[in-house]
Amino acid sequence: MDLQDIIKAAGIIGAGGAGFPTHAKLTSKAEYILLNGAECEPLLRVDQQLMEQFPDEIIRGLEAAGRTIEARKAIMGIKGKHQEVIARLRARIAALGLAGYMEVMELRDIYPAGDEQVLVHELTARIVPEVSIPLKVGCVVINSETALNIWQAMAGKPVTQTYITIAGDIPRRMTVKVPVGMAIREVIRQCGVENIDDYAVIDGGPMMGSLMNNVAGYVTKKSKGYVLLKKNHFLIRKKSVSVDQARVIGRTACEQCRMCTDLCPRYLLGHNMQPHKVMRALSYNLAGGQEQQIAQLCCECNACELFSCPVNLHPKAVNILYKQKLSEQGIKYQPTQLEFQPRSAREYRLIPSKRLVAKIGLTAFDKPAPMTQVEFRPETIHIALRQHIGAPAIPVVAIGEQVKAGQLIGDIPGNSLGAAVHASLDGTVIGNTEHSIVIKVGSYV
Ligand code: SF4
Ligand code: SF4
């Protein structure tokens with residue numbers, strides 16, 4: 001089997017992002033393979049600790065992916081503030097004889113340094129064109145946990161576990177390795193909070209993560225963090241606003257100051273993303289929809305809503321609203337140029353992470369979340385068949401069947417884009433719906 005087949009069989013997807021199947025990312029040749037080690041979401045501490053604890057594995061996984069796409073160079077992008085991690089990786093790259101192929105580049109502590117297009121520009125000075133992907137400028141990007149998963153797949157282990165930071169206004173912050181399919185409620189019980197119902201939980205980072213309506217879901221391969229905050233915290237109140245409320249408030253209160261545009265990371269890369277114009281489109285019935293169409297250039301980083309707007313409006317939510325409407329009508333933004341230059345003011349308008357953390361009221365909780373050994377003993381696990389972009393996996397096990405940890409339980413349908421899923425613990429299949437496979441955990445006979 002070549003590496004792509006190994007990765008496909010192991011069910012590897014982008015860990016932490018949208019969950020794009022990794023084997024499909026490695027089908028084309030590219031000049032650079034980039035490691036996204038930015039971890040720019042406040043409070044999350046997964047990648048930085050994985051790179052410290054598993055440097056050889058991550059280096060080897062990245063190298064293997066780079067060789068597969070015939071990249072002439074591999075670059076690891078890590079924030080300069082993680083000097084110990086950087087020194088360790090540089091030493092291991094040299095010790096493994098890879099100094100001619102791989103280097104570590106220090107990223108500035110800005111938000112969103114981990115946005116794929118910002119990362120590509122910071123590491124290569126190239127700009128991914130509008131509505132395009134890094135491959136267009138000769139780059140393939142994978143994140144640290146994905147590189148680790150590639151190395152593990154090469155050693156015969158599919159993806160059955162994921163690393164998660166539990167953070168926020170809680171007594172015990174930690175980063176834990178969790179079997180895929182665990183109940184989220186059981187995971188966050190580790191944080192030391194007596195009554196979880198007093199809290200709201202953000203699934204993911206504080207910036208891009210979404211508010212969980214009830215903490216009833218299950219861990220997937222792309223779960224990266226849970227942030228617990230009191231229900232009256234600024235972020236929770238802000239994330240609780242419905243799209244309809246965002247639309248009504250935006251119509252009446254947007255003062256067209258264009259701060260959301262001036263600080264928008266995609267606008268600063270030279271793209272036509274101008275959220276103030278999308279907000280303007282709310283108030284006027286603009287013919288032609290040009291201003292609504294630029295909403296499709298939004299990466300949903302949330303900087304405009306949580307940092308830039310002086311009157312606390314919701315340009316990102318409005319962008320999402322228009323994205324949905326345009327998609328229903330089959331309308332796609334058509335770029336008018338192929339080459340882009342960063343705006344001349346970009347260097348002065350980058351968002352410092354520390355200022356962002358203060359602005360969103362998280363400074364008091366911006367603390368270490370050390371890797372902690374926890375042995376989870378769930379009674380059941382619920383493994384989703386769609387944890388990734390593409391077609392859901394098709395179950396290949398039946399109710400009553402005994403399965404072993406690492407066993408394939410859902411496969412990619414035909415030649416579709418998708419990812420396989422595996423049992424994360426030994427047990428017996430007790431449920432099999434179109435959405436998930438439920439396993440009663442127990443010993444395998
Ligand atoms: S969420 Fe806001 S700041 Fe981020 S890309 Fe979209 S418009 Fe720009
Ligand atoms: S920053 Fe806020 S008030 Fe200013 S244009 Fe954007 S949405 Fe309107």
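Residues numbered from 1 in each chain as written. Chains lettered and ligands numbered in written order. Predicted model: local features only at pLDDT ≥ 70, side-chain atom pairs only at ≥ 80, totals over all residues. Heavy atoms only, no water.

**Description of the site of ligand 1**
We apply this condition: Only heavy atoms are used to decide nearness, and a residue is near a molecule or strand if one of them lies within 4 Å of it. Secondary structure elements are taken from DSSP: a helix is a run of H or I of four residues or more, a strand is a run of E of two residues or more, and numbering for both begins at the N terminus.
Taken together, Cys264, Pro265, Pro275, Cys298, Cys299, Glu300, Cys301, Asn302, Ala303, Cys304, Lys316 and Asn319 are the residues near ligand 1. Elements supplying a minimum of two residues to the shell around ligand 1: helix 15 (303-308) and helix 16 (315-328).

**A short note on unusual backbone geometry**
We apply this condition: In this scheme, a residue with accessible area under 20% of its type's maximum is buried, one over 50% is exposed, and one in between is partly exposed, where area comes from a 1.4 Å probe on protein chains only.
Going from Tyr111 to Pro112, the amide bond is cis rather than trans, its omega being -5°. Along the chain, the position of Pro112 falls in the loop between strand 4 (110-111) and helix 6 (116-124). The phi angle at Glu70 is positive, at roughly 55°, despite the residue not being glycine. The topology assignment puts Glu70 in the loop between helix 4 (55-68) and strand 2 (73-79). Here Glu70 falls in the exposed class, since its relative accessible area comes to 57%.

**Section: the packing of aromatic side chains**
Let me state the cut-off plainly: Here a pair means two rings of Phe, Tyr or Trp (six-membered ring of Trp) with centres within 6.5 Å. Their orientation is stacked below 30 degrees between planes, edge-to-face above 60, and tilted elsewhere. We call a charge positioned above a ring when the Lys NZ or Arg CZ atom is no farther than 6 Å from the ring centre and deviates by at most 35 degrees from the ring normal.
Applying the stated criterion across every chain yields a total of one aromatic pair. On the basis of an interplanar angle of 55° and a centroid distance of 6.5 Å, the ring pair of Phe54 and Tyr163 is categorised as tilted. Here the residue Phe54 occupies a position in the loop between helix 3 (46-53) and helix 4, and Tyr163 occupies one in strand 6 (residues 161-168), the gap between them amounting to 109 residues. Residue Phe54 is classed as partly exposed on the basis of its relative accessible area of 22%. Accessibility expressed as a relative area gives 8% for Tyr163, which makes it buried. One residue, Arg67, lies across the ring of Tyr101, its end atom 3.9 Å from the ring centre. If you follow Arg343 out to its NZ or CZ, it ends over the ring of Tyr267, 3.9 Å from the centre.

**What to know about the environment of Ala113**
Applicable threshold: Contact definition: two residues touch when any of their heavy atoms are within 4.5 Å.
Secondary-structure assignment places Ala113 in the loop between strand 4 and helix 6. What makes Ala113 buried here is its relative accessible area of 1%. The spacing of Ala113 and Cys40 is 73 residues in sequence and 5.8 Å in space, taken between C-alpha atoms. In this structure, Ala113 is in contact with Ala38, Cys40, Lys79, Arg108, Val118 and Leu119, ignoring residues within four places of it in sequence.

**With respect to the UniProt feature "domain: RnfC Barrel sandwich hybrid" (unreviewed entry) in the protein chain**
Cut-off, in case you're wondering: UniProt positions are given in the numbering used here, feature names are shortened, and annotations may be inferred rather than shown by experiment.
Following the UniProt record, the feature "domain: RnfC Barrel sandwich hybrid" (unreviewed entry) maps to residues 377-434 here. The span residues 377-434 is 0% helical and 36% strand by assignment, and the distance between its end C-alpha atoms comes to 25 Å.

**Digging into the pairing of strand 7 (residues 174-179)**
To keep it simple, the criterion reads: One requirement defines pairing of two strands: DSSP has to find at least two bridges between them.
Of all six residues that make up strand 7, five are buried, and the element is covered over most of its length. With antiparallel pairing between neighbouring strands as the criterion, strand 6 and strand 7 make up a hairpin whose turn holds five residues.

**Focus: the domain arrangement of the protein chain**
Let me state the cut-off plainly: In this entry, domain limits derive from an automatic or database-based domain assignment. Accessible area that two parts lose when put together, with a 1.4 Å probe and added across both, is what the buried area reports.
Domain boundaries assigned for the protein chain yield domain 1 (3-154), domain 2 (161-233), domain 3 (243-352) and domain 4 (380-441). The gap between the C-alpha centroids of domain 1 and domain 2 is 25 Å. Every contact between the two is made by 22 residues of domain 1 and, on the other side, 19 residues of domain 2. Each partner contributes to the roughly 1,500 Å² buried at the junction of domain 1 and domain 2, and carbon and sulfur atoms together form 62% of this total.

**Focus: the pattern of salt bridges**
Pairs may arise between side chains of opposite charge once their charged atoms sit close together. Our working rule: Whenever Lys or Arg places a side-chain nitrogen within 4 Å of a carboxyl oxygen from Asp or Glu, that contact is recorded as a salt bridge.
Throughout the structure, instances matching the rule amount to 26 salt bridges. Close ionic contact of Arg266 with Asp115 constitutes a salt bridge, the shortest N to O distance being 2.8 Å. Placement of Arg266 in helix 12 (residues 265-268) and of Asp115 in the loop between strand 4 and helix 6 is noted, with a sequence separation of 151 residues between them. Close ionic contact of Lys323 with Glu300 constitutes a salt bridge, the shortest N to O distance being 2.7 Å.

**Observations concerning the environment of Ser28**
Position of Ser28 relative to the elements: it lies in the loop between helix 2 (22-25) and strand 1 (32-37). Among residues more than four places away in sequence, those in contact with Ser28 are Ile69 and Leu135.

**Topic: the sheet that holds strand 13 (residues 394-395)**
Overall, antiparallel pairing links the three strands, which are arranged 13-15-16 in an open sheet. Each of the sheet's edge strands pairs with one partner strand only, and the pair in question is strand 13 and strand 16 (421-422). Strand direction decides the pairing type here: strand 15 (residues 408-411) and strand 16, joined by two bridges, are antiparallel. Bridge assignment links Leu408 to a residue of strand 16, and that residue is His422.

**Comments concerning the sheet that holds strand 7**
Here five strands make up an open sheet; going across it, the order is 7-6-10-8-9 and the pairing mixed. Of all the strands in the sheet, the pair left with one neighbour each is strand 7 and strand 9 (210-211). The sheet contact formed by strand 6 and strand 7 spans six bridges and is antiparallel. Bridging across to strand 7, Thr165 finds its partner in Thr175.

**Some remarks on the side chain of Lys316**
What counts here: The positive count covers Lys and Arg only, the negative count covers Asp and Glu only, and His and the chain ends enter neither.
Locating Lys316 in the fold gives a position in helix 16. Although Lys316 is buried, it forms no salt bridge, and the closest oppositely charged side chain is Glu305 at an N-O distance of 4.9 Å. The contacts of Lys316, once residues within four sequence positions are left out, are Cys298, Glu300, Asn302, Cys304 and Glu305.

**Quick notes on the site of ligand 2**
The cut-off we apply is this: Three classes are used: nonpolar for Ala, Val, Leu, Ile, Met, Phe, Trp, Tyr, Cys and Pro, charged for Asp, Glu, Lys and Arg, and polar for all others, with Gly counted as polar.
Close contacts around ligand 2 come from 14 residues, with Cys254, Cys257, Arg258, Cys260 and Cys309 the closest. Those elements that provide at least two residues to the shell around ligand 2 are helix 11 (259-262) and helix 13 (275-283). Of the residues that constitute the shell around ligand 2, the class distribution is ten nonpolar, two polar and two charged.

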